[in-house]
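# Architecture and fold: a report
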Amino acid sequence: MSINDDSTTAPVILAAHRISKSFGDVPVLFSIDFDIRPGEVHAIIGENGAGKSTLIKVLSGLEQPSSGSISYDGQNVVLPPNGEAEAMGIVVIHQELLLAEHLTVSDSIFLGRELTRNGFLRVREMRERSRAILDTLHVNVDPDARINTLSVADKQMVEIAKAISRDARVLIMDEPTAVLSVGETQTLFEQIRRLTARGVAVIFISHKLGEIMELAQRVTVLRDGQLIATVGTEALTPDSIAQMMVGRELSNLYPPKHEPDVEAPVVLSVRNLVAPGVKDISFDLRRGEILGFAGLIGSGRTAVAEAIVGLNTRRSGEVWVDDRLANFSTVSQSVAAGLAYMTKDRKGRGLLLNAGLEPNLTLLTLKKHLKHGFLDGKSEAQALQRAVRRFDIRARDASVRVGQLSGGNQQKLMLGKTMESDPEIIIMDEPTRGIDVGTKQQIYHIIAALAAEGKSIIVISSEMQEVIGVSHRVVVMREGRLAGELEGAEITETEIMRYAAGIRQGGDDERISA
Amino acid sequence: MSVSAHEAAKPRKGFHLDLKTAGPLLALILLIILGYSLNPAFLNEGNVTNILTRSAFIGIIAVGATFVITAGGIDLSVGSMAAFIAGMMIIIMNGAVDAFGASIWTVVLGIGCSLILGIGAGFINGFLTTKGKIEAFIVTLGTMGIYRSLVTYFADGGTLSLNNGAREIYRPVYYESFLRIPYPVWTFIIVAIIGWILMNRTAFGRYCMAIGSNEHVARYSAIKVDRIRTVTYILQGLCVSLATIIYVPRLGSASSATGVLWELEAIAAVIIGGTMLKGGYGRIGGTVIGALILTAIGNILNLTDIISNYLNGAVQGVIIVAAVYLQRGSFRTGRRAKKPE
């Protein structure tokens, strides 16, 4: 049911013909056709495990297809492996932003193709050229700044500058907006539009349907390694894309909200909390309540959560759990008091990517699986069985490395790990970052079910739809402070944005950000 | 695709163990066959006992090193630490003989001091790396120099020799056997078994692997990273102390040449055994085999004259590099794991 969009007449620059790919005897892609024209944004979407990453790797030469062919500029080609396709103008910007943290911006832009004279680096010229490229992108980053001092959004801009310096003709972006705030996303889109105006072809991968509708001309939907359709975006709605992705109606992305019980006791009370990145925060959380934490990236939401559970240094202020002073200084104290924090960084902070499912699931609560002081493998296996059932974790088998699971399954495993400690209060930091719609829906329902059971939940999220969709009440943070609080019908994107961007002030904070 | 845990758990144990122990074990078997075909005397009871006893020193230290390395650390000080502890034991025992005469208690005192010194030295390494936040390589490079020069200083550049009376009493610890197995080998076996249990059947071992694999994840999982790390260095110190206890009666002396390069041999044994140098994955069984392989190489070179014994280090070097290369290739999912995630 592939619908071809013939409205564009520019010749196809990069095309895949009946591409199939298997790893060992596991087929991942089945006879995929794909093409892109200069100046076009072509989005690829699909649930985790649908084969998007593999398709990108095939299109950029990192993996060779098991069958089928690739053509570039109308010629059949075999793309060289190991990123050498960059020299041909096919550049990939990976989700993880592969930049060397200690190099400067200009070093990074010219990495691997430094300008030299007689074997010596021409530092000044590289710096000037970097500045010129950054200027054309309207990016205000110093070419001499070290990468590790930049925000994620700026790092992404550096990656784009790097791609431009390599005369990219096809730019492949793997979930570039997953870690960007709304404003940063808009800036990125401007850059992408500038690039396409210059004739660059952009392959764009995202889970955010709204973005795809806004940016892309065509969308290719993959499901379980199959090509479902390639359609012009004007013929689509977010709902119809979502439906194609999951192959079923996606009604009720968010579960119905129960009325919060305003009489319910306060289980977590934070008073005048000050910590690195946190300036005097106070709030209460009631039993059975879902409290959303909205705000721009870097507004200090994670810092608040980490200060509460003892991962961030608390400078002053008090934390009360069930009317008991609970100024935790270690995670084990907080877990013991029934307060668990689920990190947003599942790959770097949440899971051991090289270990199997069981060690990851039980790591937080290993003491529960001791028998006479020794680990009880049976008890661990049972815990995994329970978690697999409860959170619908899908893996080939229990010994598969967690790093090889899809993002959605990793997230569900991490949720299982957090819930193993049987917490009464759960702080979930970006619980659905970079995962597919189907898994998101599952997680929203789990959150709602936990709240209905009487657990109290804080959801930190940069996706406003999500905060609005799941929360009973929303607080908005800005520059380390609470900018405002919204309840009931007040919870709208506009209101959140006004607080988050500092247009509306909740307190007496009159400082103007630089 | 969803597989229930019990279904998946079954094939895992036997299968995994086989695949990962197979490499080093196979190498050891090949080495034994090679040794026997070059010189049948290789498998004489006396020679086998000799190999086992010799490998006990490095093996015991390497068991400790397995924990340190698994938790993402490194200890370069073990060879110097062994020399230092040996020197101190001899000084203390000689002093005790002068004061009270030689008796079994002289040896008990020496052993006690050795254990205290080993644990203390391990604690210092651990404390400096965790609380001092200095890289383990630097800390142990420093303590390595300190212990080595201290033993040279105490021996006044020469050799510290144990009083003959005490030596006679202490001698059986290295030379005597129980059930035809020498005491050093018994010590090695017991240390290896305890090490294996600690690594694979306790929370401590799991925590070591978690810390070595990703320290952040460990911290976010309520693991007391500094404490566990420190304990690995203390275990290492304890192992060094045990190795020294069985080493001292062998020669009854200590000098600045005692234990030279033991740290590298211990690390080599760990790596040949399949433990990852960058941490996160440790195998005690492999370490034991690694220690046996290293000793067997030297022994085979001694028994034959195909390759000069002076090239012992070169052969060991080739084996280390080859072992790590082969392990990387034979790792079941190694190739796919290397791809960017």
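Residues numbered from 1 in each chain as written. Chains lettered and ligands numbered in written order. Predicted model: local features only at pLDDT ≥ 70, side-chain atom pairs only at ≥ 80, totals over all residues. Heavy atoms only, no water.

## Brief notes about the overall build of chain B
Along chain B, the regular secondary structure elements total 15 helices and 4 strands. Buried residues in chain B amount to 49% of all 341 residues. Put simply, of all contacts in chain B between residues at least 6 apart along the chain, 78% involve residues at least 24 apart. (Helix = DSSP H or I, 4+ residues; strand = E, 2+ residues; numbered from the N terminus. Buried < 20%, exposed > 50% of the residue type's maximum accessible area, 1.4 Å probe, protein only. Contact = heavy atoms within 4.5 Å.)

## Things to note about the nonpolar core
Counting 90 residues, the largest nonpolar core has B:Phe67, B:Tyr170, B:Ile223 and B:Val248 as its most contacted members. The dominant element in this core, judged by the number of residues it contributes, is helix 2 (residues 45-70) of chain B, at 12 residues. Aside from chain neighbours lying at most four places away, what touches B:Val248 is B:Ala86, B:Met89, B:Ile90, B:Met93, B:Leu162, B:Tyr170 and B:Ser253. Formed by 52 residues, the second largest nonpolar core is a distinct cluster that contains A:Val139, A:Met157, A:Ile241 and A:Met244. (Core = buried A, V, L, I, M, F, W, Y, C linked by side-chain atoms within 4.5 Å.)

## Quick word on the state of the cysteines
Put plainly, two cysteines are in a disulfide when a covalent bond ties their sulfur atoms together. All names here are of chain B. If you walk through the whole model with that rule in mind, you get 0 disulfides over all chains. No disulfide involves cysteine 113; its sulfur sits 19 Å from that of cysteine 239, the nearest cysteine. According to the relative accessible area criterion, cysteine 113 is buried, its value standing at 18%. (Disulfide = S-S within 2.5 Å.)

## Describing the sheet that holds strand 24 (residues 481-487) of chain A
All names here are of chain A. Pairing in this open sheet of 6 strands is mixed, and the strands run 18-21-22-15-23-24 from one edge to the other. Because the sheet does not close on itself, it has two edges, and the strands there are strand 18 (339-342) and strand 24. Taken over all neighbouring pairs, the strand axes of this sheet differ in orientation by 20° on average, direction set aside. Relative to strand 21 (residues 425-429), strand 18 runs parallel, the two being bridged by 4 bridges. If you follow tyrosine 341 over to strand 21, its bridge partner there is isoleucine 427. Strand contacts of helix 8 (residues 301-309): strand 15 (290-295), strand 18, strand 21, strand 22 (456-460) and strand 23 (473-478), with the helix running at about 145° to strand 18, the strand carrying the most contacts. (Pairing = 2+ DSSP bridges. Axes fitted to C-alpha atoms, helices over the stretch in contact; angles between N-to-C directions.)

## Quick word on the side chain of A:Lys412
Residue and element names in this part refer to chain A. Within the secondary structure layout, lysine 412 lies in helix 13 (residues 407-420). Classification of lysine 412 as buried rests on a relative accessible area of 3%. Only 2.7 Å separates the side chain of lysine 412 from the side chain of glutamine 442, close enough to count as a polar contact. Non-local contacts of lysine 412, meaning those with residues more than four positions away in its chain, are made with Phe391, Asp392, Ile393, Thr439 and Gln442. (Polar contact = N/O pair within 3.5 Å; in protein donor to acceptor, adjacent residues only side chain to side chain.)

## Overview of a nonpolar patch on the surface
All names here are of chain B. A surface patch of nonpolar side chains, amounting to about 690 Å² of accessible area, comprises Phe123, Ile124, Phe127, Leu128, Ile134, Phe137, Ile138 and Leu141. Elements with a minimum of two residues in the nonpolar patch: helix 4 (104-130) and helix 5 (136-154). A per-element tally of the nonpolar patch places helix 4 first, with 4 residues. When you line up the elements, phenylalanine 127 lands in helix 4. (Patch = residues over 30% accessible without salt bridge, like charges linked within 9 Å, V, L, I, M, F, W, Y side chains within 5 Å. Areas by Shrake-Rupley, 256 points an atom, 1.4 Å probe, with all protein chains shown as cover. Salt bridge = Lys/Arg side-chain N within 4 Å of Asp/Glu carboxyl O.)

## Topic: empty space enclosed by the protein
Residues and elements named next belong to chain A. Tallied over the entire structure, the rule returns 4 cavities of 30 Å³ or more. Estimated volume of the largest cavity: approximately 150 Å³. Only helix 9 (331-336), strand 18, helix 10 (346-350) and helix 13 provide two or more residues apiece to the lining of the largest cavity. In terms of residues, the lining of the largest cavity owes the most to one element, strand 18, which gives 4 residues. Formed jointly, the lining of the largest cavity draws a minimum of three residues from each of two domains, domain 2 (252-338 + 424-514) and domain 3 (345-422). Considering only enclosed or pocket space, the second largest cavity measures out at about 90 Å³ in volume. Around the second largest cavity sit Ser181, Val182, Ala294, Gly295, Leu296, Arg301, Ser461, Ser462, Met464, Ile496, Met497 and Ala500, which together line it. (1 Å grid on protein atoms, 1.4 Å probe; cavity = no way out; pocket = protein on both sides within 12 Å on 5 of 7 lines; lining within 4 Å. Points joined across faces, edges and corners; volume = space filled by probe spheres on them. Domains from an automatic or database assignment.)

## Examining the confidence of the model for chain B
Residue and element names in this part refer to chain B. Per-residue pLDDT for chain B has a mean of 87; in total, 90% of the residues score no lower than 70. Every residue in residues 1-19 scores below 50 in pLDDT, and together they form 25 contacts with partners more than four places removed in sequence or on other chains. A low-confidence stretch, residues 330-341 stays under pLDDT 50, and its non-local contacts, those more than four residues away or across chains, total 20 contacts. (pLDDT = per-residue confidence, 0-100.)

## Some details on the pattern of salt bridges
Residues and elements named next belong to chain A. Per the counting criterion, the structure on display carries 27 salt bridges over all chains. A salt bridge links arginine 129 to glutamate 125, with the nearest nitrogen and oxygen atoms 3.3 Å apart. Taken as a pair, arginine 129 and glutamate 125 lie in helix 3 (residues 123-136) at a separation of 4 residues, close to a single helical turn. Bridged by salt links that share partners, the residues Asp35, Glu40 and Arg218 form one connected network.

## Overview of helix 4 (residues 152-165) of chain A
Residue and element names in this part refer to chain A. Taking 1.5 Å of rise per residue, 14 residues should cover 20 Å, and helix 4 covers 20 Å from first to last C-alpha, within 8% of that figure. In terms of residue burial, helix 4 counts as a mostly covered element, since 12 of its 14 residues are buried. Listed as buried for helix 4 are Ala153, Lys155, Gln156, Met157, Val158, Glu159, Ile160, Ala161, Lys162, Ala163, Ile164 and Ser165. On its buried face, helix 4 sits against strand 6 (90-93), helix 2 (105-109), helix 3, strand 9 (170-174) and helix 5 (182-197). In the segment just after helix 4, aspartate 167 is the residue with positive phi, at about 50°. (Expected span 1.5 Å × (residues − 1).)

## Describing the domain arrangement of chain A
Domains assigned within chain A are domain 1 (14-246), domain 2 (252-338 + 424-514) and domain 3 (345-422). One C-alpha centre belongs to domain 1 of chain A, the other to domain 3 of chain A; they are set 33 Å apart.

## So, the packing of helix 13 of chain A against helix 14 (residues 437-452) of chain A
All names here are of chain A. Direction vectors running N to C along helix 13 and helix 14 enclose 15°, while the axes themselves pass 10 Å from each other. One element, helix 13, and the other, helix 14, form an angle in the roughly parallel class. Here the hand of the crossing between helix 13 and helix 14 comes out left-handed. Between helix 13 and helix 14, the residues in contact are Gly408, Gln411, Lys412, Leu415 and Met419 and Thr439, Gln442, Ile443, Ile446 and Leu450, respectively. (Parallel < 35°, antiparallel > 145°, perpendicular 65-115°, else oblique. Left-handed = near helix turned anticlockwise from the far one by under 90°.)

## Some points on helix 16 (residues 493-500) of chain A
Each full turn of the α-helix corresponds to 3.6 residues, which orients residues three or four apart in the same direction. All names here are of chain A. Residues of helix 16 that are buried: Glu495, Ile496, Tyr499 and Ala500. For helix 16, the arc enclosing every buried residue in end-on projection is 130°, short of the 170-degree limit, so these residues lie on one face. On the buried face of helix 16, the contacting elements are strand 15, helix 15 (464-470), strand 23 and strand 24. Where helix 16 ends, the next residue or the one after it, glycine 502, has phi of about 85°, a positive value. (Arc of directions from axis to C-beta.)

## A word on the pairing of strand 12 (residues 226-232) of chain A
Burial of strand 12 of chain A is extensive: 5 of the 7 residues sit out of reach of the surface. Linking two consecutive strands that pair antiparallel, namely strand 11 (residues 218-223) of chain A and strand 12 of chain A, is a turn of 2 residues; a positive phi of about 50° is found at A:Asp224 within it.

## Comments concerning the packing of aromatic side chains
Residue and element names in this part refer to chain B. Enumeration according to the criterion identifies 14 aromatic pairs over all chains in this entry. Judged by centre distance (6.0 Å) and plane angle (10°), the rings of phenylalanine 57 and tyrosine 174 are stacked. Separated by 117 residues along the polypeptide, phenylalanine 57 in helix 2 and tyrosine 174 in helix 7 (residues 172-175) bring together distant segments of the chain. The pair formed by phenylalanine 57 and tyrosine 174 is uniform in burial state, with each residue classed as buried. Centroid distance tyrosine 247 to tryptophan 262: 5.2 Å. Interplanar angle 90°. Geometry classified as edge-to-face. A residue pair is termed long-range when its members are at least 10 positions apart, and tyrosine 247 in helix 11 (residues 225-251) and tryptophan 262 in helix 12 (residues 262-272) qualify at 15 residues. Residue classification places tyrosine 247 among the buried positions, given a relative accessible area of 8%. (Phe/Tyr/Trp six-rings, centres within 6.5 Å; stacked < 30°, edge-to-face > 60°.)

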